[in-house]
Amino acid sequence: MNIRKVLLLVAVLLAIVAFFGLDLNRYFSLAFLQESQSRFAELRAEQPLRLALVYFGVYVAVTALSLPGATIVTLAGGAIFGLGWGLLIVSFASSIGATLAFLTARFLLRDAVQSRFGQRLADVDRGIQKDGAFYLFTLRLIPVVPFFVINLLMGLTKMKTWTYYWVSQIGMLAGTAVYVNAGTQLGQLSSLKGIVSPGLLGSFVLLGLFPLIARKVVEAVQKRKVYAKWAGVRPTKFDRNLIVIGAGAGGLVSAYIAAAVKAKVTLIEAHKMGGDCLNYGCVPSKALIKSAKLAHQMRHASNYGLTDAAPAFSFKAVMQRIHDVIAAIEPHDSVERYTGLGVEVLQGHAKLVSPWTVEIALNGGGTQRLTARSIVIAAGARPFVPPLPGLDEVGYVTSDTLWDAFAQLDAVPKRLVVLGGGPIGCELAQAFARLGAQVTQVEMAPRIMIREDEEVSALAKAALEADGAAVLTGHKALRCEVVNGEKTLVVEHGGTEKRVPFDQLICAVGRVARLTGYGLEDLGIPTNRTVETNEYLQTIYPNIYAAGDVAGPFQFTHVAAHQAWYAAVNALFGDFKKFKADYSVIPWATFIAPEVARVGLNEQEAKEKKIPYEVTRYGIDDLDRAIADSEAHGFVKVLTVPGQDRILGVTLVGPHAGDLLAEYVLAMKHGLGLNKILGTIHTYPTLAEANKYAAGAWKRAHQPERLLAWVQRFHDWRRG
């Protein structure tokens, strides 16, 4: 901190100390204002300019130093100067004082905050750069956050000083008028009995109603602005209460909720009901993993006292079982089921032609137009295919297309390249390796499963390699070639090129939201990797919502279903009450062996965000049931607030980790700490005991040693 910052900080601190040390806050009370009412009236009559300047200076100082009493000083402006002059003086004094507080916070605190929370601040600055003026105006107009807090926090951003001043000047005007008006009523009191006068009561009622009125005004202005170009096409009546585009998890749940509350709802799906999870993702991949696990157990039957055996199987039969599993689950998401629930299901391609109108190109031919008060976009995501030279020439499959493509093969691909080291790539690489493929997994990052802690990535890599997969991390795919009739992937590592021959290549480098082809561009709905929404899942059009992969920020089926509740309820009842989507406790799992499951923070994220934490670890190799099952590997790692049992996050690695995680999800959701888990009876012998033993490890680490020393003395004394 340089000398100028030190001097300014000392000056601010001295002013604050003087304020409280000299008991100056006694002058900022309603009682003092009433007692001095006549004196202020005399001063105004004798020296109006001098009184105005002194009052102006006091107001600026109180606001600039963020001292308590700004409300009383504002009321005093109305009581002393009346509504007109009071509003004029207070308006400029409050804006100048707020700007000084803004600049002081920027000068004293921004560098320190930047060094500690740089990434978070960068995200905030991007938002401020885009919508900062309107955001500030909304905060000023709807004072849900104390103004002094806004002054200090905004100083930490990159908002321009002039912008901050003029937005504050305009934004605070309405609220200032309400308070100054209340002050004029106080100035007219002749006795305490006058408190019950209609004028004064009306002013205080207005104070209470102002935030609600202001919020409605802001919403009305926003709606008018965004719907302006569509004013002439808004229907007077609507065909439906809700139209849902996409029949994946997000769309199905949205439609189900609407039908359950007796709304008239239409669900539109261009391809297969059930979306990606049923047809290409969660369901088929888990069916594949189960078959691969059984093959692995047969090869290692000696772990269970049996004889190792090479599994004999038909790859076509394995793939057929996967399609049979999909078919068995399909009725849960079928047209017939949802029609029976009261949902109209249309199969075709939907396109938004106005904020209330959807045009459907029906799969059976023809088009249909429907209008709805609200629309939910749940279009999902698709595999990302990198622009790799030669990829189209050699041919490839994705996590979407491999199920049909591989079902045509007579045998497991002999040489298989899996491009990508995320959860999807790891699950597929291990499963096919266990089924006998010679798998090479290629990942450009320094490790697979990059979002997990380093020890988790290392354990996952070791598990894949133990099953025969070659895991090439830090290898960048350059191009694909066909050399002498052989397909080859050329990769680069450490400045050297390497060739990886293959028979089949799976692209598993991530998924991207479906953002084109259904009218977002025509309506001007902003997209940036996903459809941009607010905390209520509304797009720029308040009646159009987005949920699931297309909305982000997570690409999980359970999150899509979670978001769908908010989207559907807000779409149907948002005029009365809206709910903010809650992402505070989001679990996820990667179904390799051993499974990796997580909720909340891991160590990597806690360090990046500079969040203090403690680590409690329990090794599953010590768990009775895991030993009995010959699956004694993995661990439970719990992050807690230092010195407390409040859970910040949990990482589980081991058998059935995804199932074991549910207890921690429940605990975090409802604010239960490790002491509650420790005090819960867990069936013996089960894998779930690992959670209790982890809680016990935390308890042992936080034993009251001094108290126990006295307890030991007590027992010694009792023995004589």
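Residues numbered from 1 in each chain as written. Predicted model: local features only at pLDDT ≥ 70, side-chain atom pairs only at ≥ 80, totals over all residues. Heavy atoms only, no water.

### Section: the overall build of the protein chain
Regarding its fold elements, the protein chain presents 27 helices and 23 strands. Along the three orthogonal principal directions, the C-alpha set of the protein chain runs to about 105 × 95 × 55 Å. Looking at the protein chain as a whole, 45% of its 720 residues qualify as buried. Contacts in the protein chain between residues far apart in sequence, at least 24 positions, make up 65% of those at least 6 positions apart. (Helix = DSSP H or I, 4+ residues; strand = E, 2+ residues; numbered from the N terminus. Buried < 20%, exposed > 50% of the residue type's maximum accessible area, 1.4 Å probe, protein only. Contact = heavy atoms within 4.5 Å.)

### Quick notes on the packing of helix H11 (residues 249-260) against helix H21 (residues 557-573)
One way to put it is that H11 packs onto H21 with a least axis distance of 7 Å and a crossing angle of 40°. As for how H11 packs across H21, the hand of that crossing is right-handed. Along the contact surface, H11 presents Ala249, Gly250, Val253, Ser254, Ile257 and Ala258, while H21 presents Thr557, Ala560, Ala561, Ala564, Trp565, Ala568, Val569 and Leu572. Among the residues forming the contact of H11 with H21, the class breakdown is 11 nonpolar, 3 polar and no charged. (Axes fitted to C-alpha atoms, helices over the stretch in contact; angles between N-to-C directions. Left-handed = near helix turned anticlockwise from the far one by under 90°. Nonpolar A, V, L, I, M, F, W, Y, C, P; charged D, E, K, R; others polar.)

### Things to note about the pairing of strand S20 (residues 595-600)
Residues in a regular strand point their side chains to alternate faces of the sheet. Burial runs high along S20: 6 of the 6 residues are buried. Sheet topology places strand S19 (residues 587-590) next to S20; 4 bridges connect them, and they run antiparallel. Bridge assignment links Ala589 to a residue of S20, and that residue is Ala597. Here 6 bridges tie S20 to strand S23 (residues 647-654), and the two strands are oriented antiparallel to one another. Bridging from a neighbouring strand, Val596 pairs with Val653 of S23. (Pairing = 2+ DSSP bridges.)

### Looking at the environment of Thr71
Along the polypeptide, Thr71 turns up in helix H5 (residues 70-116). Classification of Thr71 by relative accessible area gives partly exposed; the value is 44%. Measuring from C-alpha to C-alpha, the distance between Thr71 and Thr367 comes to 61 Å, with 296 residues separating the pair along the chain.

### A short note on helix H26 (residues 689-701)
Over its 13 residues, H26 extends 19 Å from the first C-alpha to the last, a length consistent with the 18 Å expected when each residue adds 1.5 Å. By the burial criterion, the buried members of H26 are Glu689, Ala690, Asn691, Ala694, Ala695, Gly696, Ala697 and Trp698. Contact partners of the buried residues in H26: strand S21 (614-619), strand S22 (635-640), S23, helix H24 (657-669) and helix H25 (674-678). (Expected span 1.5 Å × (residues − 1).)

### Re the packing of aromatic side chains
Overall, the coordinates contain 16 aromatic pairs when judged by the stated rule. When the ring of Phe554 is compared with that of Phe556, the centres are 6.1 Å apart and the planes differ by 20°; the resulting orientation is stacked. Relative accessible area serves as the criterion here: at 18%, Phe554 is assigned to the buried category. With centroids separated by 6.1 Å and ring planes inclined at 50°, the aromatic side chains of Phe554 and Tyr583 adopt a geometry described as tilted. Separated by 29 residues along the polypeptide, Phe554 in the loop between strand S18 (544-546) and H21 and Tyr583 in the loop between H21 and S19 bring together distant segments of the chain. The exposure class assigned to Tyr583 is partly exposed, which follows from its relative accessible area of 29%. Every member of this aromatic cluster is reached through a ring pair, and the members are Phe554, Phe556, Tyr583 and Trp588. The lysine or arginine in question, Lys577, covers the ring of Phe579, its NZ or CZ lying 5.6 Å from the ring centre. (Phe/Tyr/Trp six-rings, centres within 6.5 Å; stacked < 30°, edge-to-face > 60°. Lys NZ or Arg CZ within 6 Å of the ring centre and 35° of its normal.)

### Here's the deal with the state of the cysteines
Counting across every chain of the model gives 1 disulfide. With no disulfide partner, Cys480 has as its closest neighbouring cysteine sulfur the one in Cys507, 8.1 Å distant. (Disulfide = S-S within 2.5 Å.)

### Details of the confidence of the model for the protein chain
Overall, the predicted model of the protein chain reaches an average pLDDT of 88, with 91% of residues at or above 70. Taken together, the stretch residues 189-196 has pLDDT below 50 and engages in 10 contacts with residues farther than four places along the chain or on a different chain. (pLDDT = per-residue confidence, 0-100.)

### Let's talk about the sheet that holds S22
One open sheet accounts for 5 strands, arranged S19-S20-S23-S22-S21; its pairing is antiparallel. Of all the strands in the sheet, just S19 and S21 have a single pairing partner and so form its edges. Averaged over all pairs of adjacent strands, the angle between strand axes in this sheet comes to 10°, irrespective of strand direction. Contacts from H24 reach S19, S20, S22 and S23 within the one sheet, and its direction differs from that of S23 by about 170°.

### Some remarks on H24
Along an α-helix, residues three or four positions apart point the same way, because every turn accommodates 3.6 residues. Relative to the 18 Å expected for 13 residues at 1.5 Å per residue, H24 spans 18 Å between its end C-alpha atoms, a close match to the ideal helical length. For H24, the principal kink sits at Glu663 and spans about 25°. Where H24 is concerned, the buried positions are Ala657, Leu660, Leu661, Tyr664, Val665, Ala667 and Met668. Looking at the buried residues of H24, the elements they touch are S19, S20, S22, S23, H25 and H26. (Bend = angle between axes of the 7 residues up to and from the residue.)

### Let's talk about unusual backbone geometry
In this chain, Ala593 is followed by Pro594 through a cis amide linkage whose omega measures 0°. Structurally, the position occupied by Pro594 is in the loop between S19 and S20. Cis geometry is adopted by the peptide bond preceding Pro685, which originates at Tyr684 and carries an omega value of -10°. Take Pro685: it is sitting in the loop between H25 and H26. The phi angle at Asn484 is positive, at roughly 55°, despite the residue not being glycine. Turning to its location among the elements, Asn484 is positioned in the loop between strand S11 (476-483) and strand S12 (486-493).

### What about the sheet that holds S12?
By definition, the strands of a sheet pair up through backbone hydrogen bonds, in either a parallel or an antiparallel sense. The 3 strands lie next to each other as S11-S12-S13, forming an open sheet whose pairing is antiparallel. Two strands bound the open sheet, and with one partner strand each, they are S11 and strand S13 (496-502). Sheet twist, expressed as the mean angle between neighbouring strand axes with direction ignored, is 30°. Across 7 bridges, S12 lies against S13 in antiparallel orientation. Counted as the bridge partner of Lys487 is Phe502 from S13.

### Section: the pairing of strand S5 (residues 367-377)
Where strand S1 (residues 240-245) lies against S5, 5 bridges are found, and the strand directions are parallel. Across the sheet, the residue bridging to Ile243 is Ile375, located in S5. Strand direction decides the pairing type here: strand S4 (residues 357-362) and S5, joined by 5 bridges, are antiparallel. When the sheet's bridge partners are listed, Val358 is paired in S5 with Leu370. The turn linking S4 back onto S5 is made up of 4 residues, and Gly365 within it adopts a positive phi angle of 105°. As judged from the 3 bridges shared by S5 and S18, these two strands associate in the parallel manner. Counted as the bridge partner of Ile375 is Ile544 from S18.

### Overview of the nonpolar core
If you look at the biggest cluster of nonpolar residues, it comprises 43 residues, and the most contacted ones within it are Phe406, Phe432, Val439 and Ile506. Looking at this core, the elements that each hand over two or more residues are helix H13 (282-299), helix H14 (315-329), helix H17 (402-406), strand S8 (415-419), helix H18 (423-434) and helix H19 (454-466). (Core = buried A, V, L, I, M, F, W, Y, C linked by side-chain atoms within 4.5 Å.)

### Some points on the environment of Leu489
Position of Leu489 relative to the elements: it lies in strand S12. Separated by 138 residues in sequence, Leu489 and Lys351 place their C-alpha atoms 39 Å apart. In this structure Leu489 touches Leu388, Val417, Leu419, Val442, Ala477, Arg479, Cys480, Lys498, Arg499, Val500 and Phe502, once residues within four positions along its chain are discounted.

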